[in-house]
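# Commentary on secondary and tertiary structure
Letter by letter, the chains look like this.
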Amino acid sequence: MNPIEEIKSALRGVIISSLHKARAEQALVFEEIPPFVIEVPREKGHGDFACNVAMLMAKSARRKPREIAAIIVDHLDREGLDYLQQVEVAGAGFINIFLHPQWLYNIPRLVLQMKEAYGSAPRNGKRVQVEFVSANPTGNLHMGNARGGAIGDSLANVLHYAGYDVKREFYINDAGNQIEIFAESLEARYLQLSGQHVPFPENGYAGQDVVDTVKGILAREGDRFLNMDSAQRRQLLVAMALEEKLAYIRRTLESFGIHYDVWYSEKTLHESGQVNAVIEELRQKGYIYEKEGAQWFKTTQFGDEKDEVVIRANGLPTYFAADIAYHKEKFQRGFDWVIDVWGADHHGHVARMKGAMTALGLDPAGLDVILMQLVRLYRGGQIVRMSKRTGTTVSLDELIEEVGRDAARFSFVMRNPDSHLDFDLELAKQQSLENPVYYVQYAHARICSIFRQAQAGGIQWHPGSEVDMSVLKATEEIAILRKVAEFPMEVEISAKTLAPHRIARYALDLAGLFHSYYNHFRVLQDDLILQQARLNLMKVIQIVIANALAIIGVSAPEQM
RNA sequence: GCGCCCGUAGCUCAGUAGGAUAGAGCAACGGUUUCCUAAACCGUGGGUCAGGGGUUCGAGUCCCUUCGGGCGCACCA
């Protein structure tokens, strides 16, 4: 149920039949109707909806746009559409359509019926997987992971709302070169903390968190690893450390409001032979060759600048090889649509991955990658350097502790993933106007307060159909109803364009309309009919704000 | 050097799949409380949409180019 889309499609139908009628009467000559839009004009004076078809047809119909528009208006079947109030030709040839406000008075009933489901589309039967964060389990979660987590989780929420069957997945990089280095780092720290003078690996994980992990292991396990051979020692150390790191990652993300359906281990892809199998498949299709002892995948055939190694000269597969197997496996699991949320530093990987899918006979259009630009962290205007290796970073758990989950999530989701984000901790934690999350939450809390007041005053609220909404005649009230009507469309566009930040913007807009309204109109007042209608209006705003906040992953407090 | 992303008000950012007179918040200045929460509201000032060219009836939006910033260009992930 999408009120705006319904009206738009009705308008579209009426305009198309008007065009056909005009042609039948030889008032207009054209071959076919170009794809045109019915849109919501920015200017209120331009009507509730506007159509650009006349301008698009001008060339082929060899008439001036305004003439065509006038012909369309003349042939319009005004009886064919409810609520039609006025249609006029304007500007360069726009058809501006004004509707009777009556079309909005049914919206509250719909919202009150659907409640938390308002804005959602019927299940469409499509399965989509969103993989996000997938941080290396070798260190703390950083700001990039926080942004990816907020965006990925909200996107999953939006897609669910838009009718998809959504699964959230975390890919655990528990194999490969980084894990080797991690193991070496752990071993070095273990030996050092046991009093031995051994060098720390040049590219090792130098962060304090690794030291802490090893201290914990020493406390629990003692020095029993000292007498083992190095390979066994590393294996045991890394197994324990990974378990600890994963527990930390899971715990932190849960406290950020993120719950995964699947934690997928890279290691299992290697152990099950799927990585080797997919390389074999590519080899048989002629995409693999050997050079300097390594196995190369001809990614240049898919537009890459250079070919890519999949099996190193030492016989070990690269990350890319495992990722190919992983993505193949995703589609084997039956997902119609696979979405990855990656940091912008991985952008070079996208074309390769899609190329690999093409090579395997999979449709690369089934894969979408959201590349989010990196986060630059500030504290009171001073840049905070992020480095996983040196450990001088603010981790996600520290962010939640300092800024709070709601403010952090809202700040991340509010921004377009494409934007280079300057995140200032001081601003984000201010419970002030700098911080839009409170503005939205406050709208929700204020409405709750109105209902508490009503109850305390013995005012009965009658939700639903028996209330006459048409007493809401103020332009502010019409504007709110209209905004509320747009919510399902907003969800749909957000899902289609993979842009959850639109929901945050929408919530801000609606909260703004509410606050302004609140300061100019009284809900609880003597005119009982108006009071009931306004209570309904308030309830509707409350529901929509709560739904929007739920998508963003932010709480909707009843009191602030 | 090559590729991707970004450049919109003093600051942080929107800009609805190319539409009509480019918006919001903050900051600045001036107002609003006997009234459902002042974490709010109202008003004022503030723009060569980085520069240039092109496509189009119409460009912040698409193409080319210059400049500036970020990120990639490993037998790392």
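All right, on to the nonpolar core then. Ranked by size, the top nonpolar core spans 135 residues in total, and within it Ile15, Leu159, Leu253, Leu399, Phe410, Phe412 and Met538 carry the most contacts. Counting residues per element, this core draws most heavily on helix H19 (residues 528-552), which supplies 14 residues. Summarising the domain contributions, this core has at least three residues from each of domain 1 (3-99) and domain 3 (433-552). Those residues in contact with isoleucine 15, other than ones at most four positions away along the chain, are Phe36, Ile38, Cys51, Val53, Ile72, Leu76 and Ile97.

Looking now at the domain arrangement of chain A. Taken domain by domain, chain A holds domain 1 (3-99), domain 2 (177-248) and domain 3 (433-552). Using C-alpha coordinates to define each centre, domain 2 is positioned 55 Å away from domain 3.

Turning next to the sheet that holds strand E3 (residues 84-90). In spatial order, the strands read E1-E2-E4-E3; together these 4 strands make up an open sheet with antiparallel pairing. The open sheet has two edge strands with one neighbour each: strand E1 (38-39) and E3.

A few words on the side chain of glutamine 441. Note that glutamine 441 resides in helix H16 (residues 436-456). Judged by relative accessible area, glutamine 441 falls into the buried class, the value being 4%. Within polar-contact distance, the side chain of glutamine 441 engages the backbone oxygen of serine 555 at 2.8 Å. Once residues within four sequence positions are removed from consideration, glutamine 441 is found in contact with Asp406, Leu549, Val554, Ser555, Pro557 and Met560.

Bringing unusual backbone geometry into the picture now. With phi around 60°, glutamine 26 is a residue other than glycine that occupies positive phi space. With respect to the element layout, glutamine 26 can be found in the loop between helix H1 (3-24) and E1. With a phi angle near 55°, leucine 498 is a residue other than glycine that sits in the positive phi range. Within the secondary structure, leucine 498 is located in the loop between helix H17 (475-496) and helix H18 (501-518).

The next point concerns the packing of helix H4 (residues 107-114) against H17. The geometry of H4 relative to H17 is characterised by a closest axis approach of 10 Å and an angle of 50° between their N-to-C directions. Judged by the inter-axis angle, H4 sits oblique to H17. Here H4 runs over H17; the crossing is left-handed. Each of Ile107, Pro108 and Val111 in H4 lies in contact with H17, whose residues at this interface are Leu481, Val484 and Ala485.

Before going further, it helps to spend a moment on the confidence of the model for chain A. Per-residue confidence for chain A gives a mean pLDDT of 90, with 97% of residues at or over 70. Interface confidence for the predicted complex, expressed as ipTM, amounts to 0.94; the pTM equals 0.93.

Quick look at the environment of proline 122 now. Turning to its location among the elements, proline 122 is positioned in the loop between H4 and strand E5 (127-131). Note: C-alpha distance between proline 122 and alanine 162 (40 residues apart in sequence) is 7.5 Å.

Every α-helix winds through 3.6 residues per turn, so residues three or four apart in the chain are directed the same way. Between its first and last C-alpha, H1 extends 32 Å over 22 residues, near the 32 Å set by a 1.5 Å rise per residue. Two residues or fewer past H1, glutamine 26 is found with a positive phi of approximately 60°.

Across a sheet, paired strands are connected by hydrogen bonds in the backbone, their directions being either parallel or antiparallel. The strand order E14-E13-E15 describes an open sheet built from 3 strands, whose pairing is mixed. Among the strands making up the open sheet, the edge pair consists of strand E14 (382-384) and strand E15 (421-424). For this sheet, the mean inter-axis angle between neighbouring strands, taken without regard to orientation, is 40°. Judged from the 4 bridges that link them, strand E13 (residues 375-379) and E15 form a sheet pairing that is parallel. Note that in E15 the partner of leucine 377 across the bridge is phenylalanine 423.

This part covers the environment of valine 341. Structurally, valine 341 is set in strand E11 (residues 337-343). Among the residues examined, valine 341 registers a relative accessible area of 7% and is labelled buried. For valine 341 and leucine 155, which are 186 residues apart along the polypeptide, the C-alpha to C-alpha distance reads 9.7 Å. Ignoring anything within four residues of it in the chain, the contact list for valine 341 reads Val130, Glu131, Phe132, Gly148, Gly152, Ile370 and Met372.

On to the pattern of salt bridges. What the rule picks out here adds up to 27 salt bridges. Residue aspartate 48 pairs with arginine 482 through a salt bridge whose shortest N-O separation is 3.1 Å. Here aspartate 48, found in the loop between E1 and strand E2 (49-51), pairs with arginine 482, found in helix H17; they are 434 residues apart in sequence, far enough to count as distant. When its relative accessible area of 12% is taken as the criterion, arginine 482 is described as buried. Among the salt bridges present, the one from aspartate 165 reaches arginine 127, with a minimum N-O distance of 4.0 Å. Placement of aspartate 165 in strand E6 (residues 165-172) and of arginine 127 in strand E5 is noted, with a sequence separation of 38 residues between them. Take aspartate 165: its relative accessible area is 33%, and that puts it in the partly exposed class. Look at the salt bridges and you will find they share partners, linking Asp304, Lys306, Glu308 and Arg352 into a network.

Moving on, we come to the packing of aromatic side chains. Inspection of the entire model under this criterion finds 21 aromatic pairs. Between tyrosine 164 and tryptophan 337 the ring centres are 5.4 Å apart and the planes differ by 55°, which places this aromatic pair in the tilted class. With a gap of 173 residues between them, tyrosine 164 in the loop between helix H5 (143-161) and E6 and tryptophan 337 in strand E11 connect regions that are remote in the sequence. For tyrosine 164, a relative accessible area of 18% translates into the label buried. Taken together, a centroid distance of 6.2 Å and an interplanar angle of 80° make the contact between tyrosine 287 and phenylalanine 297 edge-to-face. You can see tyrosine 287 sitting in the loop between helix H10 (274-284) and strand E8 (288-291) and its partner phenylalanine 297 sitting in strand E9 (residues 294-297), a full 10 residues away along the chain. Accessibility assignment for this pair places tyrosine 287 and phenylalanine 297 in one class, buried. An aromatic cluster is present here, built from Phe132, Phe170, Tyr260 and Trp263 joined pairwise through their rings. Looking at arginine 352, its charged tip hangs above the ring of phenylalanine 320, at a distance of 6.0 Å from the centre.

Rules of the game
Residues numbered from 1 in each chain as written. Chains lettered and ligands numbered in written order. Predicted model: local features only at pLDDT ≥ 70, side-chain atom pairs only at ≥ 80, totals over all residues. Heavy atoms only, no water. Core = buried A, V, L, I, M, F, W, Y, C linked by side-chain atoms within 4.5 Å. Buried < 20%, exposed > 50% of the residue type's maximum accessible area, 1.4 Å probe, protein only. Helix = DSSP H or I, 4+ residues; strand = E, 2+ residues; numbered from the N terminus. Domains from an automatic or database assignment. Contact = heavy atoms within 4.5 Å. Pairing = 2+ DSSP bridges. Polar contact = N/O pair within 3.5 Å; in protein donor to acceptor, adjacent residues only side chain to side chain. Axes fitted to C-alpha atoms, helices over the stretch in contact; angles between N-to-C directions. Parallel < 35°, antiparallel > 145°, perpendicular 65-115°, else oblique. Left-handed = near helix turned anticlockwise from the far one by under 90°. pLDDT = per-residue confidence, 0-100. Expected span 1.5 Å × (residues − 1). Salt bridge = Lys/Arg side-chain N within 4 Å of Asp/Glu carboxyl O. Phe/Tyr/Trp six-rings, centres within 6.5 Å; stacked < 30°, edge-to-face > 60°. Lys NZ or Arg CZ within 6 Å of the ring centre and 35° of its normal.

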